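Results of the structural survey
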Amino acid sequence: MGIKGLMKFLQDAAPKAIREIDSQQAYTGRLMAIDASMCLYQFMIMIRENRSGSYQNLTNAEGQETSHIVGMLSRTIRLMENGIKPVYVFDGKPPELKLGELAARRQKREQAEANLQAAVEAGNAEEVLKSTKMTTRVTKEHNEQTKTLLGLMGVPVVDAPSEAEATCAALCRDGKVYAAATEDADCLTFGTKVLVRNLMAAESQKKQILEVSLERALEQLNISMDQFIDFCILSGCDYCDTLKGVGPSTAIKLLMQHGTIEKVIEEL
DNA sequence: ACTCTGCCTCTAGACGCG
DNA sequence: TGAGGCAGAGT
DNA sequence: CGCGTCC
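Residues numbered from 1 in each chain as written. Chains lettered and ligands numbered in written order. Predicted model: local features only at pLDDT ≥ 70, side-chain atom pairs only at ≥ 80, totals over all residues. Heavy atoms only, no water.

Note the cut-off: UniProt positions are given in the numbering used here, feature names are shortened, and annotations may be inferred rather than shown by experiment.
Chain A is annotated in an unreviewed UniProt entry as Flap endonuclease 1 from Zooxanthella nutricula. For chain A, the Cofactor (unreviewed entry) comment in UniProt is given as "Mg(2+)".

1. What about the domain arrangement of chain A?
So the rule is basically this: Each domain's extent was defined by an automatic or database domain assignment. Throughout, a residue-residue contact means that at least one pair of heavy atoms, one from each residue, lies within 4.5 Å. Summed over both partners, the accessible area lost on bringing two parts together, with a 1.4 Å probe, is the buried area. Basic side-chain nitrogens of Lys or Arg form a salt bridge, by our definition, when they fall within 4 Å of a carboxyl oxygen of Asp or Glu. Polar contact criterion, stated in full: a pair of N or O atoms within 3.5 Å, where within protein one must be able to donate a hydrogen and the other to accept it, and residues adjacent in sequence count only if both atoms are side-chain atoms. Elements are defined by DSSP. Helices are runs of H or I of four residues or more, strands are runs of E of two residues or more, and each kind is numbered from the N terminus. For this classification, the nonpolar set comprises Ala, Val, Leu, Ile, Met, Phe, Trp, Tyr, Cys and Pro, the charged set comprises Asp, Glu, Lys and Arg, and every other residue, Gly included, is treated as polar.
Per the domain assignment, the segments making up chain A are domain 1 (14-221) and domain 2 (222-268). Taken over C-alpha atoms, the centre of domain 1 sits 29 Å from the centre of domain 2. With 14 residues of domain 1 at the interface, the matching set in domain 2 holds ten residues. A buried area of about 1,000 Å², summed over both sides, lies between domain 1 and domain 2, and 66% of it is on carbon and sulfur atoms. Interface area lost by domain 1 to domain 2 is led by T189, L218 and L221, which between them contribute 56%. In this structure, the connection of domain 1 to domain 2 is made through zero salt bridges. The interface formed by domain 1 and domain 2 contains five residue pairs in polar contact (both at pLDDT 80 or more). Those elements that provide at least two residues to the side of domain 1 that touches domain 2 are α8 (186-189) and α10 (214-221). In terms of residues, the side of domain 1 that touches domain 2 owes the most to one element, α10, which gives five residues. A breakdown of the residues in the side of domain 1 that touches domain 2 according to their chemical character gives seven nonpolar, three polar and four charged.

Structure follows, in structure tokens:
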């Protein structure tokens, strides 16, 4: 989804908007919105075992995949042990503007399936793993099973009408949660007041938890929220074609000069 | 010099044991 | 899918 | 840290 390089741009142009957090403990007692669909995708990809050259997910006695259950359970327990109250948001219908991209993705997956067959026959373990990951998909059943699990654990679940990221942002904007825990900077464009990066990765990997404040970013860039949205569109998003030769730096200059995206377009 | 682009790469959970 | 690194082109 | 297990 990506406004590419948005995080990097903020680090350069609005460093005061970004705060380093010591540990998850800082969020004890806080509600945090999390994109469940994104988590499940990662669990399905990563939680595997190598059985004689093929990389299979964990399964129950009936052969149903359980990797997403194991992943979600252990992760959620860890959050709760730190006093964090997660709110998991599930994807709804994809926005129409993304239908083209989804079709392209389906084609890639078909390609990957062919790759997988070839790699298995060639005995290329690395290529098998790579293709296996590219053919991995989160199904409706995975989502439903996970919702059941979270329900039994007493963890709230939200069904997004469309993109989960947008709903995470809305929950934060409306004060229902303290922050959105995501790696996707687009959440800021959707109005997230506080965005937390690397919340999960921090302990197991060597990554710093970073907290981005939308308010302070706007302050330091000296623009309004509407202008920030215009800035993101000008910088290039995947809802529309990009302007050749315009990246974050040029976009912010043009906006400072003309005020709104409409006036910028007029000038071009 | 600065900026954007394209292309390449790697990477992506959590835990415990030794 | 993203995100970072690097070479190259346009300004 | 590297490696195996989780089902």
